[in-house]
Amino acid sequence: MTALLHLTNDWYLNIDKGMTNLIAFLDLAKAFDAVSRSILLKKLELYGLKGATLDWFISYLSNRQQQCVVEGCVSKPQLTSCGVPQGSILGPLLFLSSR
């Protein structure tokens, strides 16, 4: 049973008992875009990263570009000034490190 199916079942049982359900859904997709890279890099330094390792993270987060595709039309690539890469293995780890 998936988590959502399990929760939905619990909600229906609560409703049958006359109880009220309070549900909050969080969309963290935009949060990944809001990470300050300078603050993240300072925190990585505080965690003990230095030298070539820190330089690698600086390089990984620098000069990143994004573009949009809408109905087949592709925008020009634009440099991003904040955020961590979504869809990468490091993205969630860097996001959590920035908090």
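Residues numbered from 1 in each chain as written. Predicted model: local features only at pLDDT ≥ 70, side-chain atom pairs only at ≥ 80, totals over all residues. Heavy atoms only, no water.

J.: Looking at this structure, how should I read unusual backbone geometry?
T.: With the exception of glycine, the majority of residues adopt a negative phi angle, and the majority of peptide bonds are in the trans configuration. Look at N63: it is not a glycine, yet its phi comes out positive at around 55 degrees. A relative accessible area of 66% means that N63 is categorised as exposed. Backbone geometry places E71, a non-glycine residue, at a positive phi of 50 degrees. By the element assignment, E71 lies in the loop between β2 (69–70) and β3 (73–74). (Buried < 20%, exposed > 50% of the residue type's maximum accessible area, 1.4 Å probe, protein only. Helix = DSSP H or I, 4+ residues; strand = E, 2+ residues; numbered from the N terminus.)

J.: How do you make sense of the packing of helix α3 (residues 37–46) against helix α4 (residues 51–61) when you look at a structure like this?
T.: Packed helices, taken two at a time, are described by their axes: the angle between them and the distance between them. Between α3 and α4, the shortest axis-to-axis distance is 11 Å and the interhelical angle comes to 165 degrees. Here α4 runs roughly antiparallel to α3, going by the angle between their axes. Crossing geometry of α3 relative to α4 is assigned as right-handed. On α4, the residues that touch R37, L40, L41, L44 and E45 of α3 are L54, F57, I58 and L61. (Axes fitted to C-alpha atoms, helices over the stretch in contact; angles between N-to-C directions. Parallel < 35°, antiparallel > 145°, perpendicular 65-115°, else oblique. Left-handed = near helix turned anticlockwise from the far one by under 90°. Contact = heavy atoms within 4.5 Å.)

J.: Even after reading the chapter, I still don't get the packing of α3 against helix α5 (residues 90–98), so can you show me in this structure?
T.: As a packed pair, α3 and α5 sit with axes 9 Å apart at the nearest point and diverge in direction by 85 degrees. The pairing of α3 with α5 is recorded here as roughly perpendicular in orientation. Contacts between α3 and α5 involve L40, K43 and L44 from the former and L94, S97 and S98 from the latter. Residue composition of the contact of α3 with α5, by class: three nonpolar, two polar and one charged. (Nonpolar A, V, L, I, M, F, W, Y, C, P; charged D, E, K, R; others polar.)

J.: It is not clear to me how α4 should be interpreted in this structure. Could you clarify?
T.: Quick reminder: α-helices carry 3.6 residues per turn. Residues three or four places apart thus point the same way. Along α4, the residues that are buried comprise L54, F57, Y60 and L61. Projected onto a plane normal to the axis of α4, the buried residues spread over an arc of 120 degrees and lie on a single side. Of the residues in α4, the exposed ones pointing more than 90 degrees away from the buried face are A52 and S59. Among the residues trailing α4, N63 stands out with phi positive, at a value near 55 degrees. (Arc of directions from axis to C-beta.)

J.: What am I meant to see in the nonpolar core here?
T.: In summary, soluble globular proteins display a tendency toward joint burial of nonpolar side chains. L40, L41, L44, L61, V84, L94 and F95 are the most contacted members of the largest nonpolar core, which totals 13 residues. The set of elements that each furnish at least two residues to this core consists of α2 (29–33), α3, α4 and α5. Top element by residues in this core is α4. It accounts for four residues. Excluding anything up to four places from it in sequence, F95 contacts A31, F32, V35 and V84. (Core = buried A, V, L, I, M, F, W, Y, C linked by side-chain atoms within 4.5 Å.)

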